[in-house]
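Notes for the structure review
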Amino acid sequence: MGYIFVFLIGFGLSVTGGVTIIAYLNFLPAGITWVEYFIFIAGRVECYFLPLGIVIMGLVVFSYPNNR
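The rules we used
- Residues numbered from 1 in each chain as written.
- Predicted model: local features only at pLDDT ≥ 70, side-chain atom pairs only at ≥ 80, totals over all residues.
- Heavy atoms only, no water.
- Helix = DSSP H or I, 4+ residues; strand = E, 2+ residues; numbered from the N terminus.
- Rg over C-alpha atoms; globule rule 2.2 N^0.38 Å.
- Contact = heavy atoms within 4.5 Å.
- Areas by Shrake-Rupley, 256 points an atom, 1.4 Å probe, with all protein chains shown as cover.
- Axes fitted to C-alpha atoms, helices over the stretch in contact; angles between N-to-C directions.
- Parallel < 35°, antiparallel > 145°, perpendicular 65-115°, else oblique.
- Left-handed = near helix turned anticlockwise from the far one by under 90°.
- Nonpolar A, V, L, I, M, F, W, Y, C, P; charged D, E, K, R; others polar.
- Salt bridge = Lys/Arg side-chain N within 4 Å of Asp/Glu carboxyl O.
- Buried < 20%, exposed > 50% of the residue type's maximum accessible area, 1.4 Å probe, protein only.
- Expected span 1.5 Å × (residues − 1).
- Core = buried A, V, L, I, M, F, W, Y, C linked by side-chain atoms within 4.5 Å.

With that settled, the discussion passes to the overall build of the protein chain. In terms of regular secondary structure, the protein chain is built from 3 helices and 0 strands. In the protein chain, the succession of α and β elements from N to C terminus is α-α-α. Relative to the compact-globule value of 11 Å for 68 residues, the protein chain shows a C-alpha radius of gyration of 16 Å, a clear excess of over 25%. Viewed in the frame of its principal axes, the protein chain has a C-alpha envelope of about 55 × 20 × 15 Å. Residue pairs in contact within the protein chain that sit at least 24 positions apart in sequence constitute 70% of those at least 6 positions apart. Counting only carbon and sulfur atoms, one obtains 76% of the accessible surface of the protein chain, whose full area is about 5,100 Å².

Shown next, in the form of structure tokens:
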């Protein structure tokens, strides 16, 4: 049960970070360049939720006991 809970936390963090990164793509039509966009999202804490969530999910998937 604990593995599922931690996996869902990682999934939620991934979704939050991914949606935030996609939402910030709306700055591109406003006139900023791709380089300025990447510098901007590198400074936002909520954008780091995507890789953090992926790492948490990966750790849970690979550490789940495999009883056959």
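That was the structure; now back to the text.
This next bit is on the packing of helix α1 (residues 2–24) against helix α3 (residues 49–63). The packing of two helices is summarised by the inter-axis angle and the distance between the axes. Contact pair α1 / α3: the axes reach a minimum separation of 7 Å and the direction vectors enclose 155°. As summarised for this structure, α1 and α3 are arranged roughly antiparallel, according to the angle between their axes. Two packed elements cross with a definite hand, and for α1 against α3 that hand is left-handed. Residues Y3, V6, F7, G10, F11, L13, S14, T16, G17, G18 and I21 of α1 touch α3, and the partners they reach there are F49, L50, L52, G53, I54, I56, M57, V60, V61 and S63. For the contact of α1 with α3, the per-class residue count stands at 14 nonpolar, 7 polar and no charged.

Side chains that carry opposite charge are capable of pairing whenever their charged atoms lie near each other. Considering all chains together, one arrives at 1 salt bridge under this definition. Where R44 meets E46, a salt bridge forms, and the shortest distance between an N and an O atom there is 3.2 Å. Here E46 falls in the partly exposed class, since its relative accessible area comes to 21%.

Before going further, it helps to examine α1. One turn of an α-helix holds 3.6 residues; hence residues three or four places apart share an orientation. In a regular helix each residue adds 1.5 Å, so 23 residues correspond to 33 Å; α1 covers 33 Å between its end C-alpha atoms and thus fits that length. Buried residues in α1 make contact with α2 (34–42) and α3.

Among soluble globular proteins, nonpolar side chains are generally buried collectively. Of all hydrophobic cores here, the largest spans 6 residues; its members are I21, Y24, L28, Y37, I41 and C47. Put simply, the parts of the chain that give this core at least two residues each are α1 and α2. Beyond its immediate chain neighbours, meaning those up to four positions away, I21 contacts Y37, C47 and L50.

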